[in-house]
Amino acid sequence: MDIETIKQWFTLENVLLVLEQYRSFGMLPGIVATLLESFFPILPMFVFVMANAAAFGLWKGFLISWIGACLGSILVFWLTRKIGQKRFFRFVSRHRKVRQFMYWIERHGFGPVFLLYCFPFTPSAVVNIVAGLSRISRQQFVLAVLLGKMVMIFTISFIGYDIVALVKQPLRTIAIAVVIILLWYTGKRVEARFSLTEKQSNEGGAE
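I will try to describe carefully the structure that is included in this document. Keep in mind that what you see is a predicted model, and the values were worked out from it rather than measured.

### Quick notes on a nonpolar patch on the surface
- On the surface, Y22, F25, L28, V32, L36, F39, F40, I42, L75, W78 and L79 cluster together into a nonpolar patch covering about 970 Å² of accessible area.
- Residue assignment for the nonpolar patch shows that the elements contributing at least two residues are α3 (28-37) and α5 (58-83).
- On the accessibility criterion, Y22 (37% relative accessible area) is partly exposed.

Written out as structure tokens, the structure reads:
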């Protein structure tokens, strides 16, 4: 089975059918589906999130997708940090574009990772690995994942749950934009606190 065949199988109807088939397992299939996308970027996160919203309702579906996506990203980041010196990762980190991406993340910390996770078609697996290879702090990464994935997954869940309301009620669309701005601002404030704490810790260790 080639990649194109796999992609064609993952339609909203097929994923909903699987969720219905394994409904006795509760939220687990929905969590596992979004978790696996962090490891395998060919899997359609957009479809999984919409299916969870359709199968479990807006808020429960959002929570299921958010938990799975965040756990998956943090797991990939952690594994990359643990085995980052292995041959494959050394080869990846020597690639010019990967190095540029790593340095960009290291310079700006929370901001670029948060923004990348806000977009539904960002290849999470790539961002997770490059962030793991970079020197971004664990706190900044986890914060960016939790808030960025929250924005992205809620937006997709909202669209999938009631796409008509998004067009007919523009105030809801504006509310989503306001939430994105507030989350970004909150993340930057928390990042600044993390940076201050790390700086004070380093200065204390140098004395």
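### Quick word on the packing of α3 against helix α4 (residues 45-56)
- Two elements in contact, α3 and α4, have axes separated by 9 Å at closest approach and are oriented at 165 degrees. Classified by the angle between their axes, α3 and α4 sit roughly antiparallel to one another. Between α3 and α4 lies a crossing whose hand is left-handed. Along the contact surface, α3 presents G30, A33, T34 and E37, while α4 presents M45, F48, V49 and N52.
- Here the residues of the contact of α3 with α4 sort into four nonpolar, three polar and one charged.

### Focus on the layout of surface pockets
- Estimated volume of the largest pocket: approximately 210 Å³.
- Lining the largest pocket are 13 residues, and of these F10, V18, P29, A33 and F48 lie nearest its centre.
- Counting only elements with at least two residues in the lining of the largest pocket, the list comes to α2 (12-21) and α3.
- Each residue belonging to the lining of the largest pocket can be placed in one class, and the counts come to 12 nonpolar, one polar and no charged.

What counts, and where the lines are drawn
Residues numbered from 1 in each chain as written. Predicted model: local features only at pLDDT ≥ 70, side-chain atom pairs only at ≥ 80, totals over all residues. Heavy atoms only, no water. Patch = residues over 30% accessible without salt bridge, like charges linked within 9 Å, V, L, I, M, F, W, Y side chains within 5 Å. Areas by Shrake-Rupley, 256 points an atom, 1.4 Å probe, with all protein chains shown as cover. Salt bridge = Lys/Arg side-chain N within 4 Å of Asp/Glu carboxyl O. Helix = DSSP H or I, 4+ residues; strand = E, 2+ residues; numbered from the N terminus. Buried < 20%, exposed > 50% of the residue type's maximum accessible area, 1.4 Å probe, protein only. Axes fitted to C-alpha atoms, helices over the stretch in contact; angles between N-to-C directions. Parallel < 35°, antiparallel > 145°, perpendicular 65-115°, else oblique. Left-handed = near helix turned anticlockwise from the far one by under 90°. Contact = heavy atoms within 4.5 Å. Nonpolar A, V, L, I, M, F, W, Y, C, P; charged D, E, K, R; others polar. 1 Å grid on protein atoms, 1.4 Å probe; cavity = no way out; pocket = protein on both sides within 12 Å on 5 of 7 lines; lining within 4 Å. Points joined across faces, edges and corners; volume = space filled by probe spheres on them.

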